[in-house]
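Per-entry structural report
Below, each chain spelled out in residue letters.
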Amino acid sequence: MRPKSGLPKRKALRRKPEFLFGLKNHPSNSPLSHPNMHGEALEGASEVMSMFCGCGGLDLGFLGGFSYLGKAYEALPFNIVQAVDFDEKSIETYKLNISDHGTVGDLTQINAADLPKARVLIGGFPCQDFSSSGPKLGFAGKRGQLYTALVDYMHEHKPDIVVGENVPYLASLHEGAYLMAILNDFEAEGYNFNVWNLFAPDYGLSQSRRRLFLVGVRKELGAPPKPPTPTHLNRYRPIEEAIGDLKEITDESITNQSQYFMATKATAGGGQGDHNNKIGQLAYCIRANARARIQFHYELERRLTVRECARLQSFPDEFVFPFAAMTNMTQIGNAVPPTLAHHVAKTVAEYLSQIDKGERLEWDAKAIDERVQATTNRHRLSSRDESQLGLFS
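Remember, it's a predicted structure, so these values are computed and weren't measured experimentally. (Residues numbered from 1 in each chain as written. Predicted model: local features only at pLDDT ≥ 70, side-chain atom pairs only at ≥ 80, totals over all residues. Heavy atoms only, no water.)

**Re the overall build of the protein**
Looking only at helices and strands, one finds ten helices and eleven strands in the protein. Counting every position in the protein, which comprises 393 residues, the buried fraction comes to 54%. The long-range fraction of contacts in the protein, counting pairs at least 24 apart against all pairs at least 6 apart in sequence, stands at 75%. Accessible surface for the protein amounts to roughly 17200 Å². Of this, 49% is attributable to carbon and sulfur atoms. (Helix = DSSP H or I, 4+ residues; strand = E, 2+ residues; numbered from the N terminus. Buried < 20%, exposed > 50% of the residue type's maximum accessible area, 1.4 Å probe, protein only. Contact = heavy atoms within 4.5 Å. Areas by Shrake-Rupley, 256 points an atom, 1.4 Å probe, with all protein chains shown as cover.)

**Here's the deal with the side chain of His157**
Assignment of secondary structure puts His157 in helix H3 (residues 148–157). Of the polar contacts made by the side chain of His157, one reaches the backbone oxygen of Ala112; its length is 2.8 Å. Once residues within four sequence positions are removed from consideration, His157 is found in contact with Ala112, Ala113, Leu115, Pro116 and Lys117. (Polar contact = N/O pair within 3.5 Å; in protein donor to acceptor, adjacent residues only side chain to side chain.)

**A short note on the pairing of strand S8 (residues 191–199)**
Counting buried residues in S8 gives eight out of nine residues, a clear majority hidden from the surface. In this structure, S8 lies alongside strand S9 (residues 210–218), joined through nine bridges in antiparallel fashion. Across the sheet, residue Tyr191 finds its bridge partner in S9, namely Arg218. (Pairing = 2+ DSSP bridges.)

**Structural notes on the confidence of the model for the protein**
Of all residues in the protein, 80% attain a pLDDT of 70 or more, and the chain-wide mean is 85. This model gives residues 377–393 a pLDDT under 50, and the stretch forms 30 contacts once residues within four places in sequence are excluded. (pLDDT = per-residue confidence, 0-100.)

**Some thoughts on the environment of Val120**
As for its position among the elements, Val120 is in strand S6 (residues 120–123). Between the C-alpha atom of Val120 and that of Lys158, which follows or precedes it by 38 residues, the distance is 9.2 Å. Not counting residues up to four positions away in its chain, the partners in contact with Val120 are Ser46, Glu47, Val48, Met49, Phe62, Phe78, Pro159, Ile161 and Leu352.

**Describing the packing of aromatic side chains**
Tallied over the entire structure, the rule returns ten aromatic pairs. Pairing Phe315 with Phe319 gives two aromatic rings, centres 4.7 Å apart and planes at 50°, and the pair type is tilted. With respect to burial, Phe315 and Phe319 carry one shared label: buried. Taken together through their ring pairs, the aromatic side chains of Phe125, Tyr147, Phe186, Tyr191 and Phe193 make up a single cluster. Note that Arg302 overlies the ring of Tyr260, its terminal NZ or CZ placed 5.4 Å from the centroid. (Phe/Tyr/Trp six-rings, centres within 6.5 Å; stacked < 30°, edge-to-face > 60°. Lys NZ or Arg CZ within 6 Å of the ring centre and 35° of its normal.)

**Some remarks on the sheet that holds strand S4 (residues 78–85)**
Judged by pairing direction, the sheet is mixed, and its seven strands sit side by side in the order S5-S4-S1-S6-S7-S9-S8 without closing on themselves. At either end of the open sheet lies a strand with only one pairing partner, and these are strand S5 (102–104) and S8. Shown here is a sheet whose adjacent strand axes are inclined to one another by a mean of 15°, direction ignored. Two strands pair when backbone bridges link them, and strand S1 (residues 46–51) and S6 are joined in this way by four bridges, in the parallel orientation. The residue bridging Met49 from the neighbouring strand is Leu121, located in S6. Taken strand by strand, helix H4 (residues 177–187) contacts S8 and S9, and its axis lies near 140° from that of S8. Each of S1, S4, S6, strand S7 (161–166), S8 and S9 touches helix H8 (residues 338–356); the most contacted strand, S7, lies at about 160° to it. (Axes fitted to C-alpha atoms, helices over the stretch in contact; angles between N-to-C directions.)

**Concerning the nonpolar core**
A general tendency of soluble globular proteins is for nonpolar side chains to be buried together. Of all hydrophobic cores here, the largest spans 64 residues; its most connected members are Phe62, Phe78, Val120, Ile161, Phe213, Ile243 and Leu312. For Phe213, the residues in contact, after removing those within four places along its chain, are Leu58, Val163, Gly164, Glu165, Asn194, Val195, Trp196, Leu198, Val336, Leu340 and Val344. Listed in part, the 29 residues of the second largest apolar core include Phe125, Ala149, Ile182 and Leu183. (Core = buried A, V, L, I, M, F, W, Y, C linked by side-chain atoms within 4.5 Å.)

Structure below.
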């Protein structure tokens, strides 16, 4: 079948990446590398349990010890004790780049008591059933209630702080009822939670990406930490700042740069090519579904490469995606941008330092307003949502 343009459909370039090292063993990253990447514990650091780790974007942000676009992101006082994900290929990418703490496992079948105790619990629980671009099934979807794995861990091990991550539409779907139900389940385990609605360009990313972070602490510790202060507010970095130097590179001298999908632009909206990036602007949000709403380069007559998408997600060039383009694009699109995660992790580290000094953060009006704002609905209830009202009774 021909595309809407009428031109012959071109096939994907099935090139394999070429590399000698992943991030953790790459010589150029050695001066920055976190000890935890090599199986060693950073002295005095807090233990972290990671659920739904994927290829490791959130985990890399918590560890630090890498550089991106010439800036060093220092190692943070955290040690990953275990990272679990259901997808074998994601764990292979994780172990290649971050550490051997990555393990394949189904968190619906793992007893929380069998997981290591940690002071910090993190997890980007699956978002597909809450996404604006998905079926919007909510808790009725097969992945809609996987967040309960975090609840089980909180019940068993009572970590001091919990960081969950998901898509912003979670705050709007079913008038915010899904988000409030999740928060209620979290807080029923003895926690206070706040919702951070973070716009990634405010923290230096060159793509239009917004994510919710559900951040909670045990009630006896007081209020949760406040969101990190934006570093690039109203001075966003356009797409060419992130990927402009890759324009002339067509081989694997930078790993994953030769991998991209062939596609013909559509002549009208609604089909392939309707997301055409523009110079001087933010890139469109990098998605896990590489076949949908194809992103073309702002200047070249081709789609973005795997490396360009990884750059826009703030993965360092030394972070290797070792599979074919489709798998790599899925892992990249599902990930939390590591530099955004690093901002979140620094805030968590500072909060824990305050706690260790005996300080207690009290709730204030601004924190309450932020939570209310994050859960404000801007979408009407659909008939599909109405069929799930019983899930909240």
